[in-house]
Amino acid sequence: MTDYDGGRSALGRSLLESRALSSDWVPTFAAVPRSAFLPDVIWPHDMDSGKSVRLSCQENPAAWYGYADANVPLVTQWDDGRHEGSQPGTLPSSSASMPSVVFAMLRDLEVGAGLRVLEIGTGTGWNAALLAHRLGVENVTSIEVDSAVADTAREAMRRFGLPVNVITGDGFAGDPDGAPYDRIIATCGLRSLPFAWVEQTRPGGLILAPWGTDHGHLDATVRLTVADDGLSASGAFLGPVEFMKFRAQRLDWPEHAFQDPSESLHGATTSYTSITAADLGLSQFDVAHFAVGLQVRDCLRLVAEKRDGTQPVWFYSLRDRSCAAVMFHDGADSARVFHAGPRRVWEEVEAAWHWWDVSDRPDFKRFGLTVTAEGQTAWLDAPEHPVPIVG
């Protein structure tokens, strides 16, 4: 036992108590530590401050192992590998996910002896190694788009004794040469789930992926079952998460400080809304945020900082230069809305929120997704009840 094993024991107990770690995964958790797949320099994410700080194992091994065995995400690459220096980069582009998220997804993947799994997004290689320990190296294939990340993961898994086959390439295309698979799991956030994955999964097999809309960074894990005829896959969402986005589907999200739309939106028209900030769901994991995004297409939301009890929330159309800004004031019964451009973005958001409200404010698990060769459709309670598209 090393001086750092106490942290892993505490993490294991915490994951078991939260039921993220199921009993059948305990031997694998014990045998395959996250620390074996991390680089010397990691960037732990402080969930409270939202900031990342550089940490080197050589310089501070106690703190490094402490974070390796903590239930926090760790950035392992910035800016697609272009980053240099001791300060955080602009965009985190590869990471080691929170252990609670990793083991919850492995639990929901429902794997068993003899099943073959394709993983989309190798990252550090830890997730693939966990699968390989449980199922055998020969039953796991992983795809990574970044060649440097793929090489590092291959070496880490080889060194650990679980040399999973890692393909360097576009995960959107899957692995037709190795298909069919019994399970496909994605470890990156998607905005469009490719039908190629359905085609490469056996009838009755499962696809597990974080999926969301361009409305925000929010993802929700969806578990799809491939139909007996192989022509579709459908299933319910399991709950909110947030992953680094599939690189080909990333949006350029600007930082959005406090702005007064009465000064920055010249010529804007105005109206008022009785929807409150609490109703709209301004935190990252609010289901109202998810429900609105399912309905209002090609629209992103940016929540600005609050200043003196006032908080602007901006909505930008991705189709044109239309936008809207809602000025929420603490304690006010209504909020002023500023509209600019031909698309009435806020009216679409307001209609989407009212649909969610009159539908008894359904939680994530009442929503689902169906993927066919023609595209993807979100639904409420059953595939026969598609979520309406607003605008």
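A.B. asks: Explain the overall build of the chain to me, using residue names and the numbers behind them.
C.D. replies: A count of helices and strands for the chain gives 11 helices and 18 strands. Here the C-alpha radius of gyration of the chain, 22 Å, is about what a compact globule of 391 residues would show, namely 21 Å. Dimensions along the principal axes, computed over C-alpha positions, put the chain at roughly 65 × 55 × 40 Å. Relative to its full complement of 391 residues, the chain shows a buried share of 51%. Nonlocal contacts in the chain, meaning residues at least 24 apart in sequence, comprise 59% of its contacts between residues at least 6 apart. When the accessible surface of the chain is split by element, carbon and sulfur atoms take 50% of a total near 17500 Å². Positive and negative charge centroids in the chain, built from 32 and 51 side chains respectively, lie 1 Å apart.

A.B. asks: Tell me what's going on with the sheet that holds strand β14 (residues 310–317), and back it up with residues and numbers.
C.D. replies: The 5 strands lie next to each other as β12-β16-β15-β14-β13, forming an open sheet whose pairing is antiparallel. Edge positions in the sheet fall to β12 (269–273) and β13 (299–303), since each of these pairs with one other strand and no more. Adjacent strand axes in the sheet meet at a mean angle of 20°, parallel and antiparallel pairs treated alike. Judged from the 5 bridges that link them, β13 and β14 form a sheet pairing that is antiparallel. Opposite Cys299, over in β14, you have Ser317 as the bridge partner.

A.B. asks: Can you tell me about the packing of helix α10 (residues 287–295) against helix α11 (residues 345–358), naming the residues and giving the values?
C.D. replies: For the pair α10 and α11, the least separation of the axes is 9 Å and the interaxial angle reads 120°. For the element pair α10 / α11, the angle class is oblique. By crossing handedness, the relation of α10 to α11 is classed as right-handed. Contacts between α10 and α11 involve Val287, Ala288, Ala291, Val292 and Gln295 on the former and, on the latter, Val349, Ala352, Trp353, Trp355 and Trp356. Residues belonging to the contact of α10 with α11 are distributed by class as follows: 9 nonpolar, 1 polar and no charged.

A.B. asks: Just give me the short version of the packing of helix α4 (residues 99–109) against helix α5 (residues 126–135), but keep the residues and values in it.
C.D. replies: Where α4 meets α5, the closest approach of the two axes is 11 Å, and the angle between their N-to-C directions is 40°. Judged by the inter-axis angle, α4 sits oblique to α5. Of the two possible hands of crossing, α4 and α5 adopt the one that is right-handed. In this structure, α4 uses Pro99, Val102, Phe103, Leu106 and Leu109 to contact α5, whose residues at the interface are Trp126, Asn127, Leu130 and Leu131. When the residues that make up the contact of α4 with α5 are grouped by side-chain class, the tally is 8 nonpolar, 1 polar and no charged.

A.B. asks: Summarise the nonpolar core; cite the residues concerned and give the values.
C.D. replies: Among the nonpolar cores identified, the biggest contains 55 residues, and Leu193, Trp197, Leu280, Phe315, Trp346 and Phe367 are the most heavily contacted of them. Those residues in contact with Phe367 that sit more than four places away from it in its chain are Ala236, Phe237, Val287, Phe290, Ala291, Leu294, Trp355, Trp356, Pro362, Trp379, Leu380 and Val387. With 37 residues, the next largest nonpolar core counts Leu21, Ala128, Ala129 and Phe243 among its residues.

A.B. asks: Lay out the environment of Ser23 in plain terms, naming residues and giving numbers.
C.D. replies: Among the secondary structure elements, Ser23 is positioned in the loop between α1 (5–18) and α2 (26–31). Residues Ser23 and Arg107, 84 residues apart in the sequence, show an inter-C-alpha distance of 9.5 Å.

A.B. asks: Talk me through the side chain of Asp182; I want residue IDs and the actual numbers.
C.D. replies: Structurally, Asp182 is set in strand β8 (residues 181–186). Only 2.8 Å separates the side chain of Asp182 from the backbone nitrogen of Arg116, close enough to count as a polar contact. When residues no more than four places from it in sequence are discounted, the contact partners of Asp182 are Gly114, Leu115, Arg116, Thr201, Arg202, Gly205 and Leu206.

A.B. asks: Residues and numbers for the sheet that holds strand β6 (residues 140–144), please.
C.D. replies: A sheet is described by the order of its strands in space; here 9 strands give the open sequence β7-β6-β5-β8-β9-β10-β11-β17-β18, paired in mixed fashion. At either margin of the open sheet sits one strand with a lone partner, and together these are β7 (165–168) and β18 (375–380). Neighbouring strand axes in the sheet, compared pairwise and without regard to direction, differ in orientation by 20° on average. In the sheet, strand β5 (residues 117–120) pairs with β6 via 4 bridges, with the strands oriented parallel. Pairing of Ile120 across the sheet is with Ile143, part of β6. Its contacts with the sheet place α10 against β9 (201–211), β10 (219–226), β11 (232–241), β17 (367–372) and β18, and it is angled at close to 35° to β17.

A.B. asks: Any details on the packing of aromatic side chains? Residues and values, ideally.
C.D. replies: Under the criterion given, the structure shown has 14 aromatic pairs. For the pair Phe29 and Phe103, a centre-to-centre distance of 5.6 Å together with 70° between the ring planes defines the contact as edge-to-face. Here Phe29 is found in helix α2, whereas its partner Phe103 is found in helix α4, with 74 residues between them in sequence. Like Phe29, the residue Phe103 is buried in the burial classification. Between the aromatic rings of Phe37 and Phe160, the centroid separation amounts to 5.3 Å while the plane-to-plane angle is 50°, which identifies the pairing as tilted. In this pair, Phe37 is assigned in the loop between α2 and β1 (41–44) and Phe160 in helix α6 (residues 147–160), connecting sequence segments 123 residues apart.

Each value, and the rule that gives it
- Residues numbered from 1 in each chain as written.
- Predicted model: local features only at pLDDT ≥ 70, side-chain atom pairs only at ≥ 80, totals over all residues.
- Heavy atoms only, no water.
- Helix = DSSP H or I, 4+ residues; strand = E, 2+ residues; numbered from the N terminus.
- Rg over C-alpha atoms; globule rule 2.2 N^0.38 Å.
- Buried < 20%, exposed > 50% of the residue type's maximum accessible area, 1.4 Å probe, protein only.
- Contact = heavy atoms within 4.5 Å.
- Areas by Shrake-Rupley, 256 points an atom, 1.4 Å probe, with all protein chains shown as cover.
- Lys, Arg positive; Asp, Glu negative; His and termini not counted.
- Charge placed at Lys NZ, Arg CZ, Asp CG, Glu CD.
- Pairing = 2+ DSSP bridges.
- Axes fitted to C-alpha atoms, helices over the stretch in contact; angles between N-to-C directions.
- Parallel < 35°, antiparallel > 145°, perpendicular 65-115°, else oblique.
- Left-handed = near helix turned anticlockwise from the far one by under 90°.
- Nonpolar A, V, L, I, M, F, W, Y, C, P; charged D, E, K, R; others polar.
- Core = buried A, V, L, I, M, F, W, Y, C linked by side-chain atoms within 4.5 Å.
- Polar contact = N/O pair within 3.5 Å; in protein donor to acceptor, adjacent residues only side chain to side chain.
- Phe/Tyr/Trp six-rings, centres within 6.5 Å; stacked < 30°, edge-to-face > 60°.

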